[in-house]
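Listed below are the residues making up each chain.
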Amino acid sequence: CDYESYDFPVIEINDNWILASPDKDVCDKNINKISFISQGAFGTGLHETTKDLLNIILTKIDLCNKKVLDIGTGSGILSIASAIIGASKVTALDIRDVKDEVELNASLNGIYNIETLVGNALNGEVKIEENFDWIYINIGGEETELFMSFIKEHLSPNGKLLVSGLVEWSFDKVKSIIEYYGFK
């Protein structure tokens, strides 16, 4: 796929935020734009669960001076949105090498506080020692199940968890597992 010639559509996240190509002009001063060039990683904002999480991150939670871990970051769009609205540090984790895409899209938005880690954090290939105020996981039910102990271990005492990307047929099972770990 030739990413340089791909015409990324404008994605309306909500009434005040859009996700768009860097060359897309926004004339309405009430609209904030996240500049984005899709290079093939998951999480472009086209998928409903990613768009929903973007809306929550940009409008419903306070991330000012908070540390965020984005598990299965893909394109890094959730990490970028978190940094834009004030997260002090964002760690973007993915098993696939998405570092260049995350860093490119972060730089398009003047964001330089995202650390991208590539590898398997569950088997120790990637070491994460710190705790986080917010952890997001938007990758699927089986993966969420696998990460629950890791999440519990790396979430600060009053930290919050955002889970998305679940499919209907596994939703109840994954919800039960999440509740088993003490989350609502």
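This one's a predicted model, so the numbers in the text were calculated from it and none came from an experiment.

Asker: It is not clear to me how the nonpolar core should be interpreted in this structure. Could you clarify?
Answerer: Note that soluble globular proteins tend to have their nonpolar side chains buried in a common cluster. Ranked by size, the top nonpolar core spans 30 residues in total, and within it Leu 19, Ile 34, Ile 57, Leu 63, Ile 114 and Tyr 136 carry the most contacts. Elements with a contribution of two residues or more to this core: β2 (17-20), α1 (48-59), α2 (77-84), β5 (89-94), α3 (99-108) and β7 (132-137). The element best represented in this core is α2, accounting for five residues.

Asker: Can you help me understand the pairing of strand β8 (residues 155-163) in this one?
Answerer: For a regular strand, side chains alternate in direction, first toward one face of the sheet and then toward the other. Pairing between β7 and β8: five bridges, direction parallel. Bridge pairing in β8 links Ile 137 to Val 163. For the crossover that starts at β7, traverses helix α4 (residues 141-154) and ends in the parallel β8, the hand is right-handed.

Asker: Is there a simple way to explain the pattern of salt bridges in this structure?
Answerer: One side chain can pair with another of opposite charge once the charged atoms of both are near each other. All told, the structure shown has seven salt bridges when counted by the stated rule. Note that Arg 96 is salt-bridged to Asp 94, the shortest N-O span being 3.3 Å. Judged by its relative accessible area of 4%, Asp 94 falls in the buried class.

Asker: Looking at this model, I keep getting lost on the sheet that holds β5. Mind explaining?
Answerer: Either a parallel or an antiparallel arrangement is found when strands of a sheet pair, and the pairing is made through backbone hydrogen bonds. Reading across the sheet, the five strands line up as β6-β5-β4-β7-β8 and stay open at both edges, with parallel pairing between neighbours. Taken across any chain shown, the strands that pair with only one partner, and hence form the sheet edges, are β6 (114-118) and β8. Across this sheet, the average inter-strand angle for adjacent strands is 20°, counted without regard to direction. In terms of strand pairing, β5 meets β6 through five bridges, oriented parallel. By the bridge assignment for β6, Leu 93 is matched with Leu 117. The strands touched by α4 are β4 (67-71), β5, β7 and β8; relative to β8, the strand with the most contacts, the crossing angle is about 160°.

Asker: Just to check I follow, could you spell out the side chain of Asn 14 for this structure?
Answerer: Among the secondary structure elements, Asn 14 is positioned in the loop between β1 (11-12) and β2. Here Asn 14 falls in the buried class, since its relative accessible area comes to 19%. Here Asn 55 takes part through its side chain, which lies 2.7 Å from a polar atom of the side chain of Asn 14. Leaving out residues up to four positions away in the same chain, Asn 14 has contacts with Asn 55 and Thr 59.

Asker: Explanation requested: the packing of α4 against helix α5 (residues 168-180) in the structure shown.
Answerer: The description of two packed helices rests on the angle between their axes and on the distance between the axes. Direction vectors running N to C along α4 and α5 enclose 10°, while the axes themselves pass 10 Å from each other. Here α4 is positioned roughly parallel relative to α5, judged by the angle of their axes. In this structure, α4 uses Gly 141, Thr 144, Glu 145 and Met 148 to contact α5, whose residues at the interface are Ser 170, Lys 173, Val 174, Ile 177 and Ile 178. A class-by-class count of the residues in the contact of α4 with α5 yields four nonpolar, three polar and two charged.

Asker: Can you walk me through the layout of surface pockets in this structure?
Answerer: Put simply, the second largest pocket is a space of about 290 Å³. In terms of lining, the second largest pocket is formed by Thr 49, Leu 161, Val 163, Ser 164, Gly 165, Leu 166, Phe 171, Lys 175, Ile 178, Glu 179, Phe 183 and Lys 184. Residue assignment for the lining of the second largest pocket shows that the elements contributing at least two residues are β8 and α5. It is α5 that contributes the most residues to the lining of the second largest pocket, four residues altogether. Grouping the constituent residues of the lining of the second largest pocket by class yields six nonpolar, three polar and three charged.

Asker: Sorry, what's going on with α2 here?
Answerer: Turn by turn, an α-helix covers 3.6 residues, leaving residues three or four places apart pointing in a common direction. Across the eight residues that make up α2, a large majority, seven, are buried. For α2, the complete set of buried residues consists of Ile 77, Leu 78, Ser 79, Ile 80, Ala 81, Ser 82 and Ala 83. Where α2 terminates, the next one or two residues include Gly 86, which has phi positive at roughly 120°.

Definitions and cut-offs
Residues numbered from 1 in each chain as written. Predicted model: local features only at pLDDT ≥ 70, side-chain atom pairs only at ≥ 80, totals over all residues. Heavy atoms only, no water. Core = buried A, V, L, I, M, F, W, Y, C linked by side-chain atoms within 4.5 Å. Buried < 20%, exposed > 50% of the residue type's maximum accessible area, 1.4 Å probe, protein only. Helix = DSSP H or I, 4+ residues; strand = E, 2+ residues; numbered from the N terminus. Pairing = 2+ DSSP bridges. Right-handed = clockwise from strand over helix to strand, strands pointing away. Salt bridge = Lys/Arg side-chain N within 4 Å of Asp/Glu carboxyl O. Axes fitted to C-alpha atoms, helices over the stretch in contact; angles between N-to-C directions. Contact = heavy atoms within 4.5 Å. Polar contact = N/O pair within 3.5 Å; in protein donor to acceptor, adjacent residues only side chain to side chain. Parallel < 35°, antiparallel > 145°, perpendicular 65-115°, else oblique. Nonpolar A, V, L, I, M, F, W, Y, C, P; charged D, E, K, R; others polar. 1 Å grid on protein atoms, 1.4 Å probe; cavity = no way out; pocket = protein on both sides within 12 Å on 5 of 7 lines; lining within 4 Å. Points joined across faces, edges and corners; volume = space filled by probe spheres on them.

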